Amino acid sequence: TDPEQDNMAYQAALISQSLAAEQTKPVIPSISLILGDIGQFSRIINLPFTPVTHESLPVKAAPGQLTANEIMATRLLTKILYGKQFCILGHNIDYSVSPQMH
């Protein structure tokens, strides 16, 4: 497949969703996946369903498949996903009675 055509199809889907939303019509979500090595980026931008392999497996299940770490790193670098920071509020565990209860 031609990457330019793939990008055009993706842009057309975004325009379609935008027009439907403006006209208060239901937006039908699109799920797309391009197979093979050429389709690796489609695996990265496909947030709901991302076929992945685990890096400790000896072989990939399909050509073009990426590990979860590769996909997440690329999503962060391309700003498809933004990193999140979490904090814990509260007292130190030393104040908890939980260890004595168990």
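As a reminder, the structure under discussion sits directly above these lines.
In this text the structure is predicted, and so the values were computed from the model without any measurement.

## Regarding the overall build of the protein chain
No. 1: Along the protein chain, the regular secondary structure elements total four helices and two strands.
No. 2: In the protein chain, the succession of helices and strands from N to C terminus is α-α-β-β-α-α.
No. 3: Evaluated residue by residue, the protein chain yields a buried proportion of 14% over its 102 residues.
No. 4: Sequence-distant contacts, at least 24 apart, represent 32% of the contacts inside the protein chain between residues at least 6 apart.
No. 5: Accessible area for the protein chain stands at about 8500 Å²; split by element, carbon and sulfur atoms hold 63% of it.

## A short note on the layout of surface pockets
No. 1: Counted as a void, the largest pocket has a volume near 550 Å³.
No. 2: Around the largest pocket, the lining comprises 20 residues; the ones closest to its centre are Tyr10, Ser32, Ser42, Ile45 and Asn46.
No. 3: At the level of secondary structure, the elements contributing two or more residues to the lining of the largest pocket comprise helix H1 (3–22) and helix H2 (40–45).
No. 4: Broken down by element, the residue count for the lining of the largest pocket peaks at eight residues, all from H1.

About the cut-offs
- Residues numbered from 1 in each chain as written.
- Predicted model: local features only at pLDDT ≥ 70, side-chain atom pairs only at ≥ 80, totals over all residues.
- Heavy atoms only, no water.
- Helix = DSSP H or I, 4+ residues; strand = E, 2+ residues; numbered from the N terminus.
- Buried < 20%, exposed > 50% of the residue type's maximum accessible area, 1.4 Å probe, protein only.
- Contact = heavy atoms within 4.5 Å.
- Areas by Shrake-Rupley, 256 points an atom, 1.4 Å probe, with all protein chains shown as cover.
- 1 Å grid on protein atoms, 1.4 Å probe; cavity = no way out; pocket = protein on both sides within 12 Å on 5 of 7 lines; lining within 4 Å.
- Points joined across faces, edges and corners; volume = space filled by probe spheres on them.

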